[in-house]
Amino acid sequence: PMDTILFSVRIGKKRKLGNSWKRITSKCSLKGVRMKLTSVIKDSISKSVLCWLATSSVENLPNVSPKEIFSYFEDDSIIVANIASPQTVRNIKQNKNVCISFIDILKQKGFQLKGTAEIIEKSSSEFAKMENILNTLTEGNFPFATITKIKVSAAKPIIAPKYLFYPETTEV
């Protein structure tokens, strides 16, 4: 629901979101800041069938790639299976700053999350736990050798313009 309480990363105070979604992060630098994923964000991830992961090379050349196999991990991270992602992986190795967006297509609401990413290799102690989560989504049909782990530092709701222009709009 729109009136769910989310937390501001910078000052740690509750901000209630009314009928119009408001930015929940401040204009301060979020480098090294982590935020916990709320139950609303986790629920939105679970209801989204695709996400879009934006990366940038060291030359500042942007890349946006759709991802089908993703989930939240613990309370502060998003994990994405690297199935066919050579440019994404290459960019993250050069520039860890990323943005990931997802929406529930029926409600036309979701989130844009920003943070820092790292590529988790099979040799990592975290890989098996992450792999188990992602394999429940793939049912073993999509092999992947690495996982992108995104430590989230900022979140902002995404909603369709119809909710702004037609406030009487209700969710499906």
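Source: prediction; values computed, not measured.

Chemist: An account of the sheet that holds strand β9 (residues 146-159) is needed here, citing residue identities and associated values.
Modeler: On the basis of which strands lie adjacent, the open sheet formed by 7 strands has the order β4-β3-β7-β8-β9-β6-β5 and antiparallel pairing. Looking at strand neighbours, the two that pair on one side only are β4 (62-67) and β5 (70-73), the edges of this open sheet. Pairs of neighbouring strands in the sheet enclose a mean axial angle of 30°, with direction left out of account. Both strand β7 (residues 97-104) and strand β8 (residues 109-121) contribute to a ladder of 8 bridges, which runs antiparallel. Bridged to Ile100 within β8 is Leu113. In this fold helix α2 (residues 86-94) packs onto β3 (51-56), β4, β6 (77-82), β7, β8 and β9, with an angle of close to 75° to the strand it touches most, β8. Set on the sheet, helix α3 (residues 127-138) makes contact with β5, β6, β8 and β9; between it and β5 the angle comes to about 140°.

Chemist: If you had to explain unusual backbone geometry to someone new, which residues and values would you point to?
Modeler: In the Ramachandran plot, Gln108 falls in the positive-phi region, its phi being about 60° despite a non-glycine side chain. Within the secondary structure, Gln108 sits in the loop between β7 and β8. The phi dihedral of Glu139 falls on the positive side, at around 55°, and the residue is not glycine. If you trace the backbone, Glu139 turns up in the loop between α3 and β9.

Calculation notes
Residues numbered from 1 in each chain as written. Predicted model: local features only at pLDDT ≥ 70, side-chain atom pairs only at ≥ 80, totals over all residues. Heavy atoms only, no water. Pairing = 2+ DSSP bridges. Helix = DSSP H or I, 4+ residues; strand = E, 2+ residues; numbered from the N terminus. Axes fitted to C-alpha atoms, helices over the stretch in contact; angles between N-to-C directions. Contact = heavy atoms within 4.5 Å.

The values are spatial; any link to function lies outside them.
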